[in-house]
Amino acid sequence: MKCQRCNNPATFHITELTGDEPQEVHLCEECAREYLAPSKEEMAEVVPALAGMLAEQLAIGQTAEELARLDQRACPICGITFLEFRKQGRLGCPNDYLCFEKELEPLLLNIHGETKHIGKVPQRCPADGKTQIRLIRLRREMKEAVMMENYERASELRDEIRIIEAELRVSQDQSTKRD
Amino acid sequence: MNLNDLTNSSGEWLRGTGPESDIVMSSRVRLARNIADFPFISRSTDTDRAEIERRVREHVQHLSDSRRLDAALIYMDVNELEEIDRQFLVERQLISREHAENEGARAVAVGQGEQFSVMVNEEDHLRIQVMHSGLDLIAAWERISKLDDLLEERITYAFNERLGYLTACPTNVGTGLRGSVMLHLPALVITRQIEKVFRSLQKINLAVRGLYGEGSQALGDFYQISNQITLGLSEEDVLKKVGDVVPVLIDYERQAREFLIRESQETLHDRVSRAYGILRTAQTISSEETMHLLSSVRMGINLGLISDLEISTVNRLFIHTQPAHLQKLRGEILSASERDIERAAYLRDRLNGGELRGPETN
């Protein structure tokens, strides 16, 4: 197979998930690197220091192929891909810090010189935030079910969401009363 | 209270009081917080944002009604505001430019005397800020921490034991805290030493910005110094780091002023007097020129070269001569050239009497 942009052999087969429909892109190594690099406009939107650091860190740590694979990894909760994060410089949900933990660590070290929080802790700390993260996923699934016109599934999900929300409210009220 | 009441007042942080307030205009502390059961803003749906806004609004109103938070608090639906009002809030430093320009459900709560504001659905779900006059970071931190505790009573924050408060951008993760001090450094600008100062600040991981935050120009020779690190240092330690460098900068600025007086007292006095003269007599004047001249006048007051004007008056003029302020005070939309005429008239009126009077109340 030939590269879509030049006539060299295509060694990169990328599935683009950012548009409405998944799209296959076949490129040679050189064109792939160009394709995967954020465009100038995209770069301008990002905190320049952050984008620079990310690019530098990724250039050292990964081959183009590894980078292409990494870029397509998506958070199961909010659906953001690593590529989207790299382009925007903004994460999609709290779970991304776990999902992209390994990739974020050198970045955090670069920005802050540390990777462990010292300082204020919430009065009412969620045990691990897992229930809340589950809610984010369920709401997304509900929206997708509605879009697919699978109303039965959507209403099941809505009931499940309501139960969890009610449980959270009860435990919140209890902990407020204790204070 | 509503937005129009703000037009006729000004923030307490402009009083020109507090430690080192001749050079330090204000101290600001902000916290970035997110609600645990919603995606961050970039991945949130319209429904998510509306729900986040509703939850925060109900809780803030509950706190205000029970008088645990300002009873005179103003809560504004930013999405519903006219563009001129959004611009007004930016000039007032109550919301960011991004918050004014974004779309969708978003809001701001403003406390009495504009000492605090809470932006809802900015880059993070919550951006809380507290502003004090002069060099007062620790008091601002204590205040904002209490505010944070109140908000948290019914809002579960996204938090991770290892990484702290989780934020949309990894540059804010951890404490989510940004402490900044706004300094007036005209003599360092005149003596061309300001670049050198910036470079040394960057070496110790402090950021320098202009009057209106990220990417803004240093209008009126105002510079904001703030921390960049939010992870691995406690709130107190971060603010101490910012606070410790300020006396050094104040000292540099004072030395530069002494140098200017020693070199040529007449040249400096002339510069200040001409600036004051233009501001009191001009018939049309741009915002940039106003800021530039007000900066000289402000320094002139501090050096005793002008005696019939208060620092707080000049502080307020920096804000009240901004485009949206002039139009709000005038009560109509003005073109750029009409604004320049209005600005000159406003300055003549305020400066000839020496006193900054509020707009005529009916």
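So, how was this worked out
- Residues numbered from 1 in each chain as written.
- Chains lettered and ligands numbered in written order.
- Predicted model: local features only at pLDDT ≥ 70, side-chain atom pairs only at ≥ 80, totals over all residues.
- Heavy atoms only, no water.
- Helix = DSSP H or I, 4+ residues; strand = E, 2+ residues; numbered from the N terminus.
- Expected span 1.5 Å × (residues − 1).
- Buried < 20%, exposed > 50% of the residue type's maximum accessible area, 1.4 Å probe, protein only.
- Phe/Tyr/Trp six-rings, centres within 6.5 Å; stacked < 30°, edge-to-face > 60°.
- Lys NZ or Arg CZ within 6 Å of the ring centre and 35° of its normal.
- pLDDT = per-residue confidence, 0-100.
- Domains from an automatic or database assignment.
- Contact = heavy atoms within 4.5 Å.
- Buried area = accessible area lost by both parts, 1.4 Å probe.
- Salt bridge = Lys/Arg side-chain N within 4 Å of Asp/Glu carboxyl O.
- Nonpolar A, V, L, I, M, F, W, Y, C, P; charged D, E, K, R; others polar.
- Polar contact = N/O pair within 3.5 Å; in protein donor to acceptor, adjacent residues only side chain to side chain.
- Pairing = 2+ DSSP bridges.
- Axes fitted to C-alpha atoms, helices over the stretch in contact; angles between N-to-C directions.

Comments concerning helix α8 (residues 130–147) of chain A
Given a rise of 1.5 Å per residue, 18 residues ought to cover 26 Å, and the 26 Å separating the end C-alpha atoms of α8(A) matches this to within 8%. Within α8(A), the full set of buried residues consists of Q132(A), I133(A), L135(A), I136(A), L138(A), R139(A) and A145(A).

Description of helix α5 (residues 137–152) of chain B
Side chains that are three or four residues apart share a direction in an α-helix, a result of its 3.6 residues per turn. Compared with the 22 Å implied by 1.5 Å per residue over 16 residues, the 22 Å span of α5(B) between its first and last C-alpha is a close match. Of all the positions in α5(B), only L137(B), A140(B), W141(B), I144(B), S145(B), L147(B), D148(B), L150(B), L151(B) and E152(B) are classed as buried.

Notes on the packing of aromatic side chains
Under the criterion given, the structure shown has six aromatic pairs over all chains. On the basis of an interplanar angle of 65° and a centroid distance of 5.2 Å, the ring pair of F82(A) and F100(A) is categorised as edge-to-face. Of this pair, F82(A) sits in helix α5 (residues 82–88) while F100(A) sits in the loop between α6 (96–99) and α7 (101–112), and the two are 18 residues apart along the sequence. Owing to a relative accessible area of 0%, F82(A) belongs among the buried residues under this scheme. A connected cluster of aromatic rings, assembled from ring pairs, spans F82(A), F85(A) and F100(A). Residue placement shows R33(B) over the ring face of Y157(B); its charged tip is 5.6 Å from the ring centre. The lysine or arginine in question, R280(B), covers the ring of Y276(B), its NZ or CZ lying 3.9 Å from the ring centre.

A few points about the confidence of the model for chain A
Per-residue confidence for chain A averages 80 on the pLDDT scale, and 72% of its residues sit at or above 70. Across chain A, element-level confidence peaks in α6(A) with a mean pLDDT of 95 and bottoms out in helix α2 (residues 40–45) of chain A with 41.

A closer look at the domain arrangement of chain B
Frequently, the measure chosen for interface size is the accessible area removed from exposure when the parts meet. Residue and element names in this part refer to chain B. Each assigned domain of chain B is listed with its residue range as follows: domain 1 (3–256) and domain 2 (264–361). On a C-alpha basis, the centroid separation for the pair domain 1 and domain 2 is 26 Å. Between domain 1 and domain 2, the contact holds 30 residues from the first and 23 residues from the second. Here domain 1 meets domain 2 over a buried area of about 2200 Å², counting both sides, of which 66% is carbon and sulfur. When the buried surface of domain 1 facing domain 2 is broken down by residue, L14, I84 and E91 rank first, second and third, together holding 24% of it. At the junction of domain 1 with domain 2, the criterion picks out one salt bridge. Linking D85 and K328 is a salt bridge whose minimum nitrogen-to-oxygen distance equals 2.7 Å. If you list the elements that add at least two residues to the side of domain 1 that touches domain 2, you get α1 (3–7), α3 (83–91) and α6 (186–190). Looking at the side of domain 1 that touches domain 2, the element that brings in the most residues is α3, giving five residues. Taken together, the residues of the side of domain 1 that touches domain 2 sort by class into 14 nonpolar, 10 polar and six charged.

So, the side chain of R33(B)
In this structure, R33(B) sits in strand β1 (residues 24–33). Within the local environment of R33(B), its side chain forms a polar contact with the side chain of D148(B), the two groups lying 3.1 Å apart. Ignoring anything within four residues of it in the chain, the contact list for R33(B) reads K120(A), D124(B), H125(B), L126(B), I128(B), D148(B), Y157(B), Y165(B), T175(B) and G176(B).

Some remarks on the pattern of salt bridges
Tallied over the full model, the rule gives 36 salt bridges over all chains. Where salt bridges share partners, they join R139(A), E165(A), D37(B), E51(B), R54(B), R55(B) and E58(B) into one cluster.

A few points about the environment of L73(B)
Residues and elements named next belong to chain B. Note that L73 resides in the loop between α2 (46–65) and β2 (74–77). Distance in space between the C-alpha atoms of L73 and V238 is 29 Å, their sequence separation being 165 residues. Sequence-distant contacts of L73, defined by excluding residues within four places in its chain, comprise V60, S64, A109, V110 and F116.

Comments concerning the sheet that holds β1(B)
Residues and elements named next belong to chain B. With respect to topology, eight strands assemble into an open sheet ordered β2-β3-β4-β5-β1-β8-β10-β9, the strand pairing being antiparallel. Edge positions in the sheet fall to β2 and β9 (206–209), since each of these pairs with one other strand and no more. Taking the axes of each pair of neighbouring strands and ignoring which way they run, one obtains an average angle of 20° across the sheet. Both strand β4 (residues 116–120) and strand β5 (residues 126–133) contribute to a ladder of five bridges, which runs antiparallel. Paired with V118 across the bridge in β5 is I128.

Comments concerning the pairing of strand β10 (residues 222–227) of chain B
All names here are of chain B. β10 sits mainly inside the fold: six of its six residues count as buried. Sheet analysis places strand β8 (residues 177–184) next to β10, joined by five bridges and oriented antiparallel. Note that in β10 the partner of V181 across the bridge is I225. Bridging between β9 and β10 involves four bridges; their strand directions are antiparallel. Its bridge partner lying in β10, R209 is registered against Q224.

A look at the domain arrangement of chain A
Residue and element names in this part refer to chain A. For chain A, the assigned domains are domain 1 (1–37), domain 2 (53–112) and domain 3 (129–178). Facing the eight residues of domain 2 at the interface are four residues of domain 3. Each partner contributes to the roughly 500 Å² buried at the junction of domain 2 and domain 3, and carbon and sulfur atoms together form 71% of this total. Among the residues domain 2 hides against domain 3, the three largest losses belong to P76, I77 and P94. Together they make up 67% of the total. Taken together, the connections running from domain 2 to domain 3 amount to zero salt bridges. The tally of links from domain 2 across to domain 3 stands at two residue pairs in polar contact (both at pLDDT 80 or more). Its residues assigned to classes, the side of domain 2 that touches domain 3 comprises six nonpolar, two polar and no charged.

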